[in-house]
Amino acid sequence: IMTEGQGYMFLTGPKVVKSVTFEDVSIDDLGGARTHAEVTGVAHFSAAQDAAAIDTARRILSYLPDNCRELPPTLDPLDPPDRFVDDIEALVPRDPQVPYDVREVVERVIDQGSFLEVHAKYARNVVVGFARLGGRAVGVIANQPAVLAGVLDINSSRKAARFIRTCNAFRVPLVTFVDVPGFLPG
């Protein structure tokens, strides 16, 4: 988790970049929270302030066990496990050419208010995150038809694969929502 305004300079800095490319570049553009959350995919989360980053870290840890030999923590479910989700078919259009936000579908299926999206600003054509079903921690993977029609590309495939490996390492089961028109080669 990176807080906004954090910038990292390794072997370069704004003055070095300007002397080479003649461009004015801020420290944040060189390697701040926004750059790593949106462009490089290095930061899974970003927060405006340290307190928000700490709250996010606490929420992440609520889905994961203390180690890989334990089961993920279970909470008392807020929603009845047998609840009926009415009018969910209205969220997904009949016409496959019409985009929709898959996060709305995910939010309706999982325990209310439990979805924590991971890498929300990176490779946005795939949505991944932690949630709860019946109080049990699950990982969610879903193509996002609202961005690039949900088509898979290299960045979204890597994002999904990393998340799957994390869930596998901590024995977190996966729930997958698939509506993908194809894969972008290259």
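The structure reproduced in this document is the subject of the present report. Since we're looking at a predicted model, the values are computed, not measured.

The rules behind these values
- Residues numbered from 1 in each chain as written.
- Predicted model: local features only at pLDDT ≥ 70, side-chain atom pairs only at ≥ 80, totals over all residues.
- Heavy atoms only, no water.
- Helix = DSSP H or I, 4+ residues; strand = E, 2+ residues; numbered from the N terminus.
- Expected span 1.5 Å × (residues − 1).
- Buried < 20%, exposed > 50% of the residue type's maximum accessible area, 1.4 Å probe, protein only.
- Arc of directions from axis to C-beta.
- Core = buried A, V, L, I, M, F, W, Y, C linked by side-chain atoms within 4.5 Å.
- Contact = heavy atoms within 4.5 Å.

Counted at 1.5 Å a residue, the expected span for helix H4 (residues 50-61) with its 12 residues is 16 Å, and the 17 Å between its end C-alpha atoms agrees. By the burial criterion, the buried members of H4 are Ala53, Thr56 and Ile60. Each buried residue of H4 sits inside an arc of 60 degrees when the element is viewed along its axis, so together they form one side. Projecting away from the buried face of H4 at angles above 90 degrees are the exposed residues Arg58 and Leu61.

Judged by nonpolar contacts, the single largest core of 15 residues is most densely connected at Val118, Val128, Phe130, Ile141 and Phe163. Mapped by element, the contributors of at least two residues to this core are strand S3 (116-118), strand S4 (126-133), strand S5 (136-143) and helix H6 (154-169). Apart from residues no more than four positions distant in its own chain, Val118 is found in contact with His44, Phe45, Val128, Gly129, Phe130, Lys159 and Phe163. Counting residues in hydrophobic clusters, the runner-up holds 13 residues, among them Val105, Val106, Ile110 and Ala131.

Despite not being glycine, Leu148 shows a phi value in the positive range, around 55 degrees. Positionally, Leu148 belongs in the loop between S5 and H6. Take Leu148: its relative accessible area is 52%, and that puts it in the exposed class. Positive phi outside glycine occurs at Arg171, with the angle close to 60 degrees. Position of Arg171 relative to the elements: it lies in the loop between H6 and strand S6 (174-177). Using a relative accessible area of 41% as the deciding quantity, one classes Arg171 as partly exposed.

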